[in-house]
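Examination of the molecular architecture
Listed here are the chains, written in short residue letters.
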Amino acid sequence: MRGGRRENSGRKKGSASKRVIQWEEFGRQLFDENLPRVQMILKKSNDREFMAHFLDLVAYFKPKPKQSMEIDISQDDPIKNYLKLGTPLEKHQYIENLKRKLKV
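Because the structure is predicted, anything quoted here is derived from the model rather than measured.

**Here's the deal with the overall build of the protein**
Along the backbone of the protein there are four helices and zero strands. Tracing the protein from N to C terminus, the helices and strands come up as α-α-α-α. In the form shown here, the protein has an accessible surface area of approximately 10,600 Å², with 57% of it arising from carbon and sulfur atoms.

**Here's the deal with the packing of aromatic side chains**
Scanning the model with the defined rule gives two aromatic pairs in all. Measuring from ring centre to ring centre gives 5.6 Å for W23 and F26, while their planes differ by 35 degrees; the resulting arrangement is tilted. Of the two residues, W23 and F26 both sit in helix 1 (residues 18-44), three residues apart, roughly one turn of that helix. Taking the relative accessible area as the measure of exposure, F26 reaches 43% and is therefore partly exposed. Ring centres of F50 and F54 lie 5.5 Å apart, and the angle between their planes is 15 degrees; this geometry places the pair in the stacked category. With a gap of four residues between them, F50 and F54 both fall in helix 2 (residues 47-58), about one helical turn apart.

**Details of a nonpolar patch on the surface**
Taken together, F31, L35, V38, L57, Y60 and F61 make up a surface patch of nonpolar side chains, about 610 Å² in accessible area. Ranked by residues supplied to the nonpolar patch, first place goes to helix 1 with three residues. Within the secondary structure layout, L57 lies in helix 2.

Rules used in this analysis
- Residues numbered from 1 in each chain as written.
- Predicted model: local features only at pLDDT ≥ 70, side-chain atom pairs only at ≥ 80, totals over all residues.
- Heavy atoms only, no water.
- Helix = DSSP H or I, 4+ residues; strand = E, 2+ residues; numbered from the N terminus.
- Areas by Shrake-Rupley, 256 points an atom, 1.4 Å probe, with all protein chains shown as cover.
- Phe/Tyr/Trp six-rings, centres within 6.5 Å; stacked < 30°, edge-to-face > 60°.
- Buried < 20%, exposed > 50% of the residue type's maximum accessible area, 1.4 Å probe, protein only.
- Patch = residues over 30% accessible without salt bridge, like charges linked within 9 Å, V, L, I, M, F, W, Y side chains within 5 Å.
- Salt bridge = Lys/Arg side-chain N within 4 Å of Asp/Glu carboxyl O.

From the geometry alone we can't say anything about function, so treat these as descriptive.
Structure representation (C-alpha cells):
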C-alpha cells in the first residue's frame, strides 16, 4: 500500500515535540544562570519593589485563580444574570443593554 500514514510511525501521542523540548531546555538554562542575580536583586530591593517583583515571578509558577464564578441560574432573572458576569466591563454592558430594553 502506498501513501498514507504507517502504523506506529511518528511521535507518540502525548509526547513532547522537538521544539517543546528545546524551549523547555532554554527555560531551564535561563532560569539556572540568572537565579543568583534575581535573588540578589530581590534582597537589595525595598518592600514595595520586592512585592512587585515577587508577584510578577510567582505568576509564572502559580497561575492566578479564576476571578469569576460559574453559577447555574435561569435566563429569566436579570439580577442573577448580572451576578453571573465576571468583569466590570461585562456588567456595565449588561446594565446598558437592560436600560435600552426598558428605555430608561
